[in-house]
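Listed here are the chains, written in short residue letters.
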Amino acid sequence: MAEVADTYKTIEEPSEGIYKEKGSKFIAKAYPVRTEEEVKAILAKLREEYYDARHHCYAYILGAKKESWRANDDGEPSGTAGKPIHGQLLSFDVTNVLVVVIRYFGGTKLGVSGLINAYKTATQDALSNAKIVTKTVDAIYKVTFGYTTMNDVMKLVKELDLKFIDQQFDNTCFIRLRVRKSLESEFTSRCSKIDGLVADFEYDD
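Residues numbered from 1 in each chain as written. Predicted model: local features only at pLDDT ≥ 70, side-chain atom pairs only at ≥ 80, totals over all residues. Heavy atoms only, no water.

Draft legend 1. Examining the pairing of strand 3 (residues 24–32) more closely. When you tally the buried positions in strand 3, you get seven out of nine residues, the bulk of the element. Alignment of strand 2 (residues 15–21) against strand 3, held across seven bridges, turns out to be antiparallel. Bridging from a neighbouring strand, Ser-15 pairs with Ala-30 of strand 3. Hairpin connection from strand 2 to strand 3: two residues lie between these consecutive antiparallel strands, with Lys-22 at a positive phi of about 50°. The sheet contact formed by strand 3 and strand 6 (residues 97–104) spans eight bridges and is antiparallel. By the bridge assignment, Ala-28 is partnered in strand 6 with Val-101. (Buried < 20%, exposed > 50% of the residue type's maximum accessible area, 1.4 Å probe, protein only. Helix = DSSP H or I, 4+ residues; strand = E, 2+ residues; numbered from the N terminus. Pairing = 2+ DSSP bridges.)

Now the structure itself:
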């Protein structure tokens, strides 16, 4: 059976980079993000904070398989800003990351190649300053069981190194767990062998 790819690289927390050329200043801001709603909120906040900047160019990649992405030149010549920002995200092999490069114009035009280099270098600086971490793709399960099967359930949790999200122990117990995608098949198989246990898949995270 083919091994399930269930890891991806992202950044742990926001980071910043800067590049200056002929009076223009390019401030790159990198953020860990999970959704397009987060992207929109960060962009709105930066446009408000850096209201006097000429451009707020950006690119992002979302999803463990990098299935969603966008690049935006925000008024710069086509392909000179968003594309080199996106290219650095690919070069660093990260996802669930947004990079916004804020440009203050210095009065001298840089030309197409100069702009590409500026946006690329500012982004590269921000990502180089970031802490890149590897995360797992997890399936979230709610597991319901009787108190008498507690030992069997805890043994399963320990052996597969599952992570608790929340729990409730009463006559009827439930725990919500993170299960690595590569372990999901083994997890559901072993759950089916424990009497009275019900494992309900909720979502992938």
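That covers the picture; the talk isn't over yet.
Draft legend 2. Local environment of the sheet that holds strand 3. One open sheet holds the five strands; their spatial order is 2-3-6-4-5, and the pairing between them is antiparallel. In this open sheet, the two strands that pair with only one neighbour each are strand 2 and strand 5 (68–72). Along the sheet, successive strands turn relative to each other by an average axial angle of 15°, direction set aside. Sheet strands in contact with helix 1 (residues 36–49) are strand 3, strand 4 (55–62), strand 5 and strand 6, and its direction is about 160° off that of strand 4. Against the sheet, helix 2 (residues 82–91) makes contact with strand 4, strand 5 and strand 6, and its axis sits at roughly 35° relative to strand 4, the strand it touches most. (Axes fitted to C-alpha atoms, helices over the stretch in contact; angles between N-to-C directions. Contact = heavy atoms within 4.5 Å.)

Draft legend 3. Spatial organisation of the layout of surface pockets. In this structure, the second largest pocket encloses a volume near 150 Å³. Around the second largest pocket sit Arg-54, His-55, Glu-76, Pro-77, Arg-103, Phe-105, Lys-109, Leu-110, Gly-111, Val-112 and Leu-115, which together line it. In the lining of the second largest pocket, the residues fall into five nonpolar, two polar and four charged. (1 Å grid on protein atoms, 1.4 Å probe; cavity = no way out; pocket = protein on both sides within 12 Å on 5 of 7 lines; lining within 4 Å. Points joined across faces, edges and corners; volume = space filled by probe spheres on them. Nonpolar A, V, L, I, M, F, W, Y, C, P; charged D, E, K, R; others polar.)

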